[in-house]
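Topology and contacts: notes
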Amino acid sequence: MTSFVDRISRAQSGTQQILAGALRQSLAMLFKPVANPRFSVKTQRRWMDIMAKTTLVARDVPSHDAPLGDVPCRHYAPLNARGTVLYLHGGGYVAGSPESHRSVTSHLAKFANARVVVPDYRLAPEHACPAAIEDAVAVYDALLAEGVDPATLVIAGDSAGGGLALATLQALKAKKTALPSSTILISPWVDLSLNDLFDTDRDIMLSPAWLASAADAYGGEDPARPACSPLNGDLTGLPPVLIQAGSDEILLNDSHRLCSALNDAGTPARLQVHPQRWHDFQLHAGVLADADQALMTCARFIHKHWKDVSA
């Protein structure tokens with residue numbers, strides 16, 4: 001006989017499947033058509049912030065805005081937070097903001113019990129590469145200057161922000177700055193040359209045309225150079241990396257190639273591919289159970305690599 005708990009579990013699973021289907025359909029209808037070079041960058045930025053209002057901010061996680069290193073930042077600060085995450089938002093280097101990524105960043109702060117700092121870094125085409133890297137490095141340096149210990153500091157990012165996180169690590173290493181304890185990369189875009197996109201018709205958010213226009217805006221005539229495409233840069237001597245991606249996104253090959261290249265370079269890296277999930281599905285934390293579970297995995301990874309500086 002089926003137990004009451006089993007019936008409840010199956011009902012919850014069925015509800016999540018319906019919810020995931022609804023999210024998939026709404027993103028295909030409302031997001032992907034606007035993430036298109038036929039729309040102005042100004043329109044894309046405004047629409048991304050509007051879409052963010054359909055996501056949920058984690059409860060009981062205070063936030064405020066304050067600059068670090070002369071870069072505007074959003075800060076999420078749970079009570080008795082143990083460490084700090086520098087989170088770099090996605091948006092193809094041409095859009096996105098702390099507001100557009102409020103769900104994933106606030107929930108990561110809650111699950112990891114960490115202060116999460118989200119820079120509002122400069123965007124292309126007004127500010128091409130390496131402006132975003134300069135802003136991310138400035139915020140990282142400011143965190144160290146205010147006394148944050150690298151042993152309890154993490155760099156994270158999604159999509160273009162994942163590529164920016166990796167490029168920032170490479171820039172910090174080049175100037176011999178102490179590196180953070182670990183790195184989280186969600187659906188990272190690390191090769192702007194677009195030479196090896198995953199062949200799928202199930203990507204409900206990204207198109208090759210939009211990625212190409214964003215790569216041109218940020219990378220100019222040489223988007224394959226390491227500052228823009230950190231997959232082509234120095235991957236040795238970096239902190240442990242957790243990569244998460246969805247099985248249904250055209251950037252999936254970037255995650256596979258990066259994980260292999262990191263491990264070949266001696267940098268510990270692991271990749272988690274979530275079946276039947278789309279690019280940046282973690283943006284639906286608080287609504288989609290898979291998104292919560294993915295971010296909880298990120299939190300465990302962060303805690304595993306934090307070092308107790310009070311000992």
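Since the model is a prediction, treat every value here as computed from it, not as a measurement.

Moving on, we get to helix α8 (residues 289–305). Taking 1.5 Å as the rise per residue, α8 with 17 residues should run 24 Å; its terminal C-alpha atoms sit 25 Å apart, in good agreement. Restricting attention to buried positions, one finds in α8 the residues Ala291, Asp292, Ala294, Leu295, Thr297, Cys298, Ala299, Phe301, Ile302 and His305. Packing partners of the buried residues in α8 comprise β3 (83–88), α3 (102–112), β5 (153–158), β6 (182–186), β7 (241–246) and β8 (269–274).

In total, this model carries 2 aromatic pairs according to the counting rule given. Aromatic pair tyrosine 93 and tryptophan 189: ring centres 6.2 Å apart, planes at 40 degrees, arrangement tilted. Here the residue tyrosine 93 occupies a position in the loop between β3 and α3, and tryptophan 189 occupies one in the loop between β6 and α6 (208–219), the gap between them amounting to 96 residues. Tyrosine 93 gets classed as buried once you look at its relative accessible area, which sits at 1%. Consider the rings of tyrosine 93 and tyrosine 218, whose centres lie 3.7 Å apart with planes at 5 degrees: the pair is stacked. In this pair, tyrosine 93 sits in the loop between β3 and α3 while tyrosine 218 sits in helix α6, placing the two residues 125 residues apart along the sequence.

The subject of this paragraph is the nonpolar core. Core analysis: the largest hydrophobic core is formed by 94 residues, its most contacted members being Val85, Tyr87, Ile184, Trp189, Tyr218, Leu258 and Trp278. Element by element, the count of residues in this core is highest for helix α4 (residues 131–145), at 8 residues. Beyond its immediate sequence surroundings of up to four residues, valine 85 is in contact with Leu108, Ala114, Arg115, Val116, Val117, Val154, Ala156 and Ile302.

Of all the 6 residues making up β5, 6 are buried; the element is thus mostly covered by neighbouring parts of the structure. Strand direction decides the pairing type here: β3 and β5, joined by 5 bridges, are parallel. Its bridge partner being in β5, tyrosine 87 is matched across the sheet by alanine 156. Regarding the hand of the β-α-β motif, the stretch spanning β5, helix α5 (residues 160–174) and β6 is right-handed.

Empty space among the atoms becomes apparent when a probe as large as a water molecule is rolled across them. There is about 360 Å³ of room inside the largest pocket. Along its surface, the largest pocket is lined by 24 residues, and Leu27, Phe31, Met51, Met205 and Leu283 are the ones closest to its centre. If you list the elements that add at least two residues to the lining of the largest pocket, you get α1 (4–30) and α2 (41–52). Among the elements that take part in the lining of the largest pocket, α1 stands out by supplying 4 residues, more than any other. A class-by-class count of the residues in the lining of the largest pocket yields 11 nonpolar, 11 polar and 2 charged.

On to the confidence of the model for the chain, then. Residues at a pLDDT of 70 or more form 95% of the chain, whose mean pLDDT is 94. With pLDDT under 50 throughout, residues 1–5 is counted as low confidence; its partners more than four residues away or in other chains account for 2 contacts.

Compared with the 16 Å implied by 1.5 Å per residue over 12 residues, the 15 Å span of α6 between its first and last C-alpha is a close match. Three or more residues of α6 are buried, namely Trp210, Leu211, Ala214, Ala215, Ala217, Tyr218 and Gly219. In a view along the axis of α6, the buried residues occupy a sector of 165 degrees, so they form one face of it. A positive backbone phi angle near 65 degrees is found at glycine 220, which sits one or two residues after α6.

Attention now goes to the pattern of salt bridges. Under the counting rule described, the total for this entry stands at 16 salt bridges. For arginine 102, the salt bridge is made with glutamate 99, and the minimal N-O distance between the two is 3.7 Å. Look at arginine 102 and you get buried, because its relative accessible area is 15%. Note that arginine 122 is salt-bridged to glutamate 134, the shortest N-O span being 3.2 Å. Within this pair, whereas arginine 122 is found in the loop between β4 (114–119) and α4, its partner glutamate 134 is found in helix α4, the two being separated by 12 residues in sequence.

It is worth spelling out the packing of α4 against α5 at this point. Their axes nearest at 9 Å, the elements α4 and α5 cross at an angle of 65 degrees. As the angle between them shows, α4 and α5 are arranged roughly perpendicular. Taken as a pair, α4 and α5 cross one another with a handedness that is right-handed. Facing Ala132, Ile133, Ala136, Val137, Tyr140 and Asp141 of α4, the residues of α5 in contact are Leu164, Ala167, Thr168, Ala171 and Leu172. Looking at the contact of α4 with α5 residue by residue, the classes come out as 9 nonpolar, 1 polar and 1 charged.

Time to look at empty space enclosed by the protein. Taken as a whole and judged by the stated rule, the model has 1 cavity of 30 Å³ or more. Its boundaries defined by the atoms lining it, the largest cavity holds a volume of some 50 Å³. As for the largest cavity, its lining consists of Phe31, Val34, Ala35, Gln44, Trp47, Met48 and Trp210. A per-element tally of the lining of the largest cavity places α2 first, with 3 residues. Of the residues contributing to the lining of the largest cavity, the split by class is 6 nonpolar, 1 polar and no charged.

Cut-offs applied
Residues numbered from 1 in each chain as written. Predicted model: local features only at pLDDT ≥ 70, side-chain atom pairs only at ≥ 80, totals over all residues. Heavy atoms only, no water. Helix = DSSP H or I, 4+ residues; strand = E, 2+ residues; numbered from the N terminus. Expected span 1.5 Å × (residues − 1). Buried < 20%, exposed > 50% of the residue type's maximum accessible area, 1.4 Å probe, protein only. Contact = heavy atoms within 4.5 Å. Phe/Tyr/Trp six-rings, centres within 6.5 Å; stacked < 30°, edge-to-face > 60°. Core = buried A, V, L, I, M, F, W, Y, C linked by side-chain atoms within 4.5 Å. Pairing = 2+ DSSP bridges. Right-handed = clockwise from strand over helix to strand, strands pointing away. 1 Å grid on protein atoms, 1.4 Å probe; cavity = no way out; pocket = protein on both sides within 12 Å on 5 of 7 lines; lining within 4 Å. Points joined across faces, edges and corners; volume = space filled by probe spheres on them. Nonpolar A, V, L, I, M, F, W, Y, C, P; charged D, E, K, R; others polar. pLDDT = per-residue confidence, 0-100. Arc of directions from axis to C-beta. Salt bridge = Lys/Arg side-chain N within 4 Å of Asp/Glu carboxyl O. Axes fitted to C-alpha atoms, helices over the stretch in contact; angles between N-to-C directions. Parallel < 35°, antiparallel > 145°, perpendicular 65-115°, else oblique. Left-handed = near helix turned anticlockwise from the far one by under 90°.

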